[in-house]
Amino acid sequence: MKTETSRTRKAKLPEVAVPGIPVSHGVAIGLVYDTTEPPSEVTRRTIGQNDVDGEKQKLAGAVAFSRKQIGKLKTRIGILPEEAQEEIEPLLDAHLMMLGNSRLIRGARKRIEAELLGAETAVLEESEEIQATILAAKDDDKAGLARRAAEVRDIARRLIRNLTATPFRSFKDLPEGCILVAEELTPADAALLDPSRVAGVATEEGGTDGHTAIMLRALGIPAVLGAHGLTEATKRGDQAVLDGTAGVVSISPTTATLNAAKERLAAFAKERAKLSKLRRLPAETTDGELVELQANMEIPQELPLIAQAGAMGIGLLRTEFLFMNREDLPDEEAQVEAYTQIVEAMEGQPVTIRVLDWGGEKDMEALAEGVAPVHAGSNPALGLRGLRMLLKRSELLEVQFAAVLRVAAASGDGHVRLLLPMVTIPEEVRQAREVYDRVARRLRRRGEKLPEKLPPLGVMIETPGAALAADAIALEADFFAIGTNDLAMYTLAVDRSEVDVSHLYDPLHPAVLRLVQFATEAALRLRMPVSVCGEMAGNPRLTPLLLGLGLRTFSMNASALPRVKQAVRGLDIGDCARFARRVMEQSDPARIRELVAGFAEGITERA
Ligand code: PEP
Ligand code: MG
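For clarity, every value in this text was computed on a predicted model and none was experimentally measured.

Colleague: For this particular structure, what's the right way to read the coordination of the magnesium ion (ligand 2)?
Modeller: When a metal carries six donors in an octahedron, the ideal angles between them are 90 or 180 degrees, while four donors in a tetrahedron ideally lie at 109.5 degrees. Coordination of the magnesium ion (ligand 2) by the protein is provided by Glu 462 (OE) and Asp 486 (OD), with metal-donor distances spanning 2.0 Å. Residue Glu 462 is found in the loop between β13 (457–461) and α17 (464–468), and its partner Asp 486 is found in helix α19 (residues 484–492); the two are separated by 24 residues along the sequence. No difference in accessibility class separates Glu 462 from Asp 486, as the two residues are buried.

Colleague: Is there a simple way to think about the packing of α19 against helix α20 (residues 510–525) in this case?
Modeller: Each pair of packed helices gets described by two things: the angle between the helix axes and the distance between those axes. Orientation of α19 relative to α20, taken along the N-to-C sense of each, is 130 degrees, at an axis distance of 9 Å. The orientation of α19 with respect to α20, classified from their angle, is oblique. As for the relative orientation of α19 and α20, their crossing is right-handed in sense. Within the contact between the two elements, α19 uses Thr 484, Leu 487, Ala 488, Thr 491 and Leu 492 and α20 uses Ala 511, Val 512, Leu 515 and Val 516. Among the residues making up the contact of α19 with α20, the classes are represented as 7 nonpolar, 2 polar and no charged.

Colleague: What is the right way to look at the site of ligand 1 in this model?
Modeller: Taken together, 17 residues sit near ligand 1, with Arg 318, Arg 354, Gly 483, Asn 485 and Arg 496 positioned nearest. At 2.6 Å from an oxygen atom of ligand 1 is found a side-chain nitrogen or oxygen belonging to Arg 318. Here an oxygen atom of ligand 1 and a backbone polar atom of Asn 485 are 2.7 Å apart. Within the complex, 100% of the 290 Å² of free accessible area of ligand 1 lies under protein. Looking at the shell around ligand 1, its residues break down into 4 nonpolar, 5 polar and 8 charged.

Colleague: How do you make sense of the nonpolar core when you look at a structure like this?
Modeller: One broad trend across soluble globular proteins is that nonpolar side chains are buried collectively. Counting 127 residues, the largest nonpolar core has Leu 193, Phe 401, Leu 420, Phe 480 and Phe 554 as the members making the most contacts within it. When residues of this core are assigned to their parent elements, the largest contribution, 9 residues, is made by helix α15 (residues 394–411). Counting contributing residues, this core receives three or more from each of domain 1 (6–37 + 170–255) and domain 3 (281–606). Discounting residues that sit within four places of it in the chain, Leu 193 has contacts with Phe 171, Leu 174, Leu 180, Leu 185, Val 198, Val 201, Leu 216, Leu 219 and Ile 221.

Colleague: What should I look at first to understand the packing of aromatic side chains in this one?
Modeller: Each aromatic ring pair is specified by the distance between its two centres and by the angle formed by the two planes. Per the stated rule, a full pass over the model turns up 2 aromatic pairs. Summarising the aromatic geometry, the rings of Phe 401 and Tyr 436 are spaced 4.9 Å apart at their centres and angled 55 degrees between planes, so their arrangement reads as tilted. Residue Phe 401 is found in helix α15, and its partner Tyr 436 is found in helix α16 (residues 426–445); the two are separated by 35 residues along the sequence. Taken as a pair, Phe 401 and Tyr 436 share a single burial class, namely buried. Arranged with centres 4.3 Å apart and planes meeting at 25 degrees, the rings of Phe 579 and Phe 599 form a pair that is stacked.

Colleague: Where do I start with the sheet that holds strand β6 (residues 223–225) in this structure?
Modeller: Taken in spatial order, the 8 strands of this open sheet run β1-β8-β7-β3-β4-β5-β6-β2, and their pairing is mixed. This sheet does not close on itself; its edge strands, each paired only once, are β1 (16–19) and β2 (21–24). Looking at each pair of strands side by side, their axes are set apart by 30 degrees on average, direction ignored. Its contacts with the sheet place helix α8 (residues 211–219) against β2, β5 (198–203) and β6, and it is angled at close to 50 degrees to β2. Along the sheet, helix α10 (residues 255–276) contacts β3 (27–34), β7 (239–243) and β8 (248–251); its crossing angle with β3, the most-contacted strand, is approximately 120 degrees.

Colleague: Hey, could you run me through the side chain of Thr 203 in this one?
Modeller: Tracing the sequence through the fold places Thr 203 in strand β5. For Thr 203, a relative accessible area of 2% translates into the label buried. Other than its neighbours up to four places away in sequence, Thr 203 contacts Ala 182, Glu 183, Glu 184, Leu 185, Val 224, Leu 225, Gly 226, Ala 227 and Leu 230.

Colleague: It is not clear to me how α19 should be interpreted in this structure. Could you clarify?
Modeller: Since the α-helix advances by 3.6 residues per turn, residues separated by three or four positions end up pointing in the same direction. Burial of α19 is extensive: 8 of the 9 residues sit out of reach of the surface. Those residues of α19 that sit buried are Thr 484, Asn 485, Asp 486, Leu 487, Ala 488, Met 489, Tyr 490 and Leu 492. Contact partners of the buried residues in α19: α8, β10 (314–318), α17, β14 (479–482), α20 and β15 (530–532). Of the residues trailing α19, Ala 493 is marked for its positive phi of about 55 degrees.

Colleague: Got a minute to help me understand the pattern of salt bridges in this structure?
Modeller: When charged atoms on two side chains of opposite charge get close, those side chains can pair. Summed over all chains, the structure comprises 40 salt bridges. Two residues, Arg 406 and Glu 333, come together in a salt bridge whose shortest N-O distance is 3.0 Å. Here the residue Arg 406 occupies a position in helix α15, and Glu 333 occupies one in helix α12 (residues 332–345), the gap between them amounting to 73 residues. With a closest N to O distance of 3.2 Å, Arg 442 and Glu 398 form a salt bridge. Of this pair, Arg 442 sits in helix α16 while Glu 398 sits in helix α15, and the two are 44 residues apart along the sequence.

Colleague: What is the right way to read the domain arrangement of the protein chain from this model?
Modeller: Under the domain assignment used here, the protein chain contains domain 1 (6–37 + 170–255), domain 2 (49–164) and domain 3 (281–606). With 21 residues of domain 1 at the contact, the number on the domain 3 side is 23 residues. Interface area for domain 1 against domain 3, summed over the two sides, is near 1900 Å², with a carbon-plus-sulfur share of 60%. Among the residues domain 1 hides against domain 3, the three largest losses belong to Asp 209, His 211 and Ala 218. Together they make up 31% of the total.

Colleague: For this particular structure, what's the right way to read unusual backbone geometry?
Modeller: Note: most residues except glycine have negative phi, and most peptide bonds are trans. In this structure, Leu 116 is a non-glycine residue whose phi angle is positive, near 50 degrees. Residue placement: Leu 116 occurs in the loop between α4 (103–115) and α5 (119–136). According to the relative accessible area criterion, Leu 116 is partly exposed, its value standing at 22%.

Colleague: Where do I start with the packing of α10 against helix α22 (residues 561–569) in this structure?
Modeller: Where α10 meets α22, the closest approach of the two axes is 10 Å, and the angle between their N-to-C directions is 60 degrees. On the basis of their axis angle, the class for α10 and α22 is oblique. Seen along the crossing, α10 lies across α22 with a hand that is left-handed. In this structure, α10 uses Phe 268, Glu 271, Lys 274 and Leu 275 to contact α22, whose residues at the interface are Pro 562, Arg 563 and Gln 566. Taken together, the residues that form the contact of α10 with α22 break down as 3 nonpolar, 1 polar and 3 charged.

Colleague: Help me out: how do you make sense of α8 in this one?
Modeller: Burial analysis of α8 places 9 of its 9 residues in the buried class, the great majority of the element. By the burial criterion, the buried members of α8 are His 211, Thr 212, Ala 213, Ile 214, Met 215, Leu 216, Arg 217, Ala 218 and Leu 219. Following α8 by one or two positions, Gly 220 has its phi on the positive side, about 70 degrees.

Colleague: In this structure, what is going on with the environment of Gln 239? I would like to understand it.
Modeller: When you line up the elements, Gln 239 lands in strand β7. Gln 239 sits in the partly exposed class, given a relative accessible area of 33%.

Analysis parameters
- Residues numbered from 1 in each chain as written.
- Chains lettered and ligands numbered in written order.
- Predicted model: local features only at pLDDT ≥ 70, side-chain atom pairs only at ≥ 80, totals over all residues.
- Heavy atoms only, no water.
- Donors = N, O, S within 2.8 Å, 3.2 Å for Na, K, Ca; no water.
- Helix = DSSP H or I, 4+ residues; strand = E, 2+ residues; numbered from the N terminus.
- Buried < 20%, exposed > 50% of the residue type's maximum accessible area, 1.4 Å probe, protein only.
- Axes fitted to C-alpha atoms, helices over the stretch in contact; angles between N-to-C directions.
- Parallel < 35°, antiparallel > 145°, perpendicular 65-115°, else oblique.
- Left-handed = near helix turned anticlockwise from the far one by under 90°.
- Contact = heavy atoms within 4.5 Å.
- Nonpolar A, V, L, I, M, F, W, Y, C, P; charged D, E, K, R; others polar.
- Near = heavy atom within 4 Å.
- Polar contact = N/O pair within 3.5 Å; in protein donor to acceptor, adjacent residues only side chain to side chain.
- Areas by Shrake-Rupley, 256 points an atom, 1.4 Å probe, with all protein chains shown as cover.
- Core = buried A, V, L, I, M, F, W, Y, C linked by side-chain atoms within 4.5 Å.
- Domains from an automatic or database assignment.
- Phe/Tyr/Trp six-rings, centres within 6.5 Å; stacked < 30°, edge-to-face > 60°.
- Pairing = 2+ DSSP bridges.
- Salt bridge = Lys/Arg side-chain N within 4 Å of Asp/Glu carboxyl O.
- Buried area = accessible area lost by both parts, 1.4 Å probe.

Have a look at this one:
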């Protein structure tokens, strides 16, 4: 949504610092590459007479959604300097008007009816005609005409993007070293990023522990999400400094900002080199307690990072990547191939494969509207998510179980485990196990040599219900993996990826910590393996608290692992236990944060 006017404004404003949520450490200096461009090409699509109503509805839906997006942008530009606000606000109003009963919308509707065009084709062709008419007008104010034509082009692009719901696949052509700027990046978009080309990512939407943030951390790309006003404050080619630790994007930085960023970059490189020396050292506390540090994995591209980090296996393999950015479903063979590649790369280290956690923000085309549509309900986070969906569509679960069982049998070392997401009651685990046993029987009939004892079937503890019923669920499960991301979201009723409530998202809220403690103790009483695989596990400041609660296995994004190992190697379990007792007596999250910070300073001094 850039115009000539915003370009001129930039010349007057040497540096604009846009704050946001720091979600992935590091500093990036580069040129902005925005993704407000349309999908690279719109294939001309014609429709049949019977499709006219459907296409008109699609257009109406995209118009409503685009209005919502712009309305949201409007509420957020308050963060920009006043001068910029004065310029942007009328622009957004003009866009809103064009999404009303404008020539563009009326014309597109007419083209659907009269020319039998698909909605996106109708919008594109109508907008091109309007732009041509504007530019051909007899008016001396050529800059004004160009601006009006650009407004029509921009709003048409927004509509087309929303109509085609295309992830920004132009990602593969990103200029090397760019800072990618977008209103929003879905987890599926993030999965397409190449960390060797993208220096940093900044978006208007998003929260700390949403899947996009998790993906960016996994890829080691410095990132700031929830940066209100960002897309309006930048244009492609602007120089920018992105600070993923402090949570600021500085556009057209001053020399002082640039120099400071260069120093930070050098410091990061030095720290990385220091941490890499820990790779071969054990994660052992000062009093000799061994801690298992594993990696979470979202996409296979992470395998080299996981190896470099010295992880003791994969504690959470999110299999959603197999279902993203495609319109069909991966069959058993495709899944066997994908899991085999990962299990073999881990060379006998444990690999915990979680079955598909579809739903909530992890929306995938093939399931949302494609070959096997599932209706997640009006509140997807509370609807058919995770295991709930898989039990309803057990053919999906069967394929995944079969693929994992075959890979486990072929690897023959007993290190593959299966994990069930979004469990709330023991009955769900019992039902999943019935499917598991049935699949195993079928495979044996087919001649597969499965071991007598099937790979362990574990349960994610990520809802308050599961945490409080952990003692009952433990009787059905072979192990627990505590998912603190969803546990915090569901306990506090705060969407983990929603920027407007991100200030309330707090895994250190005593309610969340008490649930973690309750579930951990339920597992430990039965001597059942328990790990934490939510983002808390990768925060070295929280390592003492989690160790003090009795946890000894943590799974995290690979780039966080060296810092957590460094923390473990400076800790004494007795100190951690005393510290955890103090924390658990507190009822105020702010006080808990203070205690955590205080203890962490102590560690830094000791190290
Ligand atoms: C969690 O909820 O903490 C978790 C690890 O699962 P995900 O982030 O994939 O929802
Ligand atoms: Mg989860």
